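What follows is the residue order along each chain.
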Amino acid sequence: MAQQTNYQLPDLPYDYSALEPVISAEIMELHHDKHHKGYVNKLNEALEKYHEAESKNNVSDMIALQSAIKFNGGGHINHSIFWTILAPEKEGGEGPSGKLLQAIEKDFGDLSSFQEKFNTKTSGIQGSGWGWLGYNKATKELEIATCANQDPLSTKGLIPILGVDVWEHAYYLQYKNVRPDYVKAIWKIFNWKEIEKRFDQASS
């Protein structure tokens, strides 16, 4: 049973330096190899302890482990999405198009209004967290949402389409305490081909 929950650190789909100058190679290496790897290792440890507690019908231990599973599992889920929706400048396309652009225009007015709202909400997160564009299957609408710490967007009932990590480890070495500059700059390296694919799958 432990082998079924042995999660692995995914490889980056590009070199550490591929997102420069927006995100430095040093940040990417630390972010992927230290932080994301740490979430994976701690998730596996917590799940192993959970299965052991489950086999002994130790409900109190199972409950106690759920916060570690949520935190580290969320960290693994969020970062696994994050790496795929970034790409070297221009390689991921110039911006949203097709059905995704139509949906953004329907739900936010236009692309610049969406960007402004997203940047404001994401930059304004208190402490650590993530800013997301999510799809609400019930209303068939796009929504901007924020999540604290490593909570996955599924906790808000939304399917993640695009997300930005605003934990300090994601930008501080380069942008210091000016989080809005990082959030503004990251638009240059979004992988719109992948983001559009995520939207098509969510909305189908």
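Residues numbered from 1 in each chain as written. Predicted model: local features only at pLDDT ≥ 70, side-chain atom pairs only at ≥ 80, totals over all residues. Heavy atoms only, no water.

Participant: Go over the environment of Asp181 with me, naming the residues and quoting the values.
Facilitator: Considering the arrangement of structural elements, one finds Asp181 in helix H6 (residues 179-185). According to the relative accessible area criterion, Asp181 is partly exposed, its value standing at 44%. Taking C-alpha positions, Asp181 is 12 Å from Thr122, a pair spaced 59 residues apart along the chain. (Helix = DSSP H or I, 4+ residues; strand = E, 2+ residues; numbered from the N terminus. Buried < 20%, exposed > 50% of the residue type's maximum accessible area, 1.4 Å probe, protein only.)

Participant: An account of the packing of helix H1 (residues 25-55) against helix H2 (residues 59-84) is requested, with residue identities and associated values reported.
Facilitator: A pair of packed helices is characterised by two quantities: the angle between their axes and the separation of those axes. Running from N to C, H1 and H2 point in directions that differ by 150 degrees, and their axes come no closer than 8 Å. Crossing of H1 against H2: the hand is left-handed. A class-by-class count of the residues in the contact of H1 with H2 yields 15 nonpolar, 11 polar and four charged. (Axes fitted to C-alpha atoms, helices over the stretch in contact; angles between N-to-C directions. Left-handed = near helix turned anticlockwise from the far one by under 90°. Nonpolar A, V, L, I, M, F, W, Y, C, P; charged D, E, K, R; others polar.)

Participant: Could you give an account of the pattern of salt bridges, with specific residues and numbers?
Facilitator: One pass over the structure, following the stated rule, counts five salt bridges. We note a salt bridge from Lys70 to Asp151, for which the minimum N-O separation is 3.8 Å. In this pair, Lys70 sits in helix H2 while Asp151 sits in the loop between strand E2 (141-148) and strand E3 (159-165), placing the two residues 81 residues apart along the sequence. Given a relative accessible area of 42%, Lys70 falls into the partly exposed group. (Salt bridge = Lys/Arg side-chain N within 4 Å of Asp/Glu carboxyl O.)

Participant: Please provide a residue-by-residue account of the packing of aromatic side chains, values included.
Facilitator: Inspection of the entire model under this criterion finds 15 aromatic pairs. Seen from their ring centres, Phe82 and Trp83 are 5.6 Å apart, and the 45 degrees between their planes marks the pair as tilted. Pair check on accessibility: Phe82 and Trp83 agree, each one buried. Here the aromatic cluster, defined as three or more aromatic residues joined through ring pairs, consists of Phe108, Phe114, Phe118, Trp187, Phe190 and Trp192. (Phe/Tyr/Trp six-rings, centres within 6.5 Å; stacked < 30°, edge-to-face > 60°.)

Participant: Describe unusual backbone geometry, with residues and values.
Facilitator: The linkage connecting Glu20 with the following residue, Pro21, adopts the cis geometry, with an omega of 5 degrees. Relative to the assigned elements, Pro21 resides in the segment before H1. At Lys90, a position not held by glycine, the phi torsion is positive, near 75 degrees. Positionally, Lys90 belongs in the loop between H2 and helix H3 (98-108). Owing to a relative accessible area of 56%, Lys90 belongs among the exposed residues under this scheme. A positive phi angle is found at Lys176, which is not glycine, with a value near 55 degrees.

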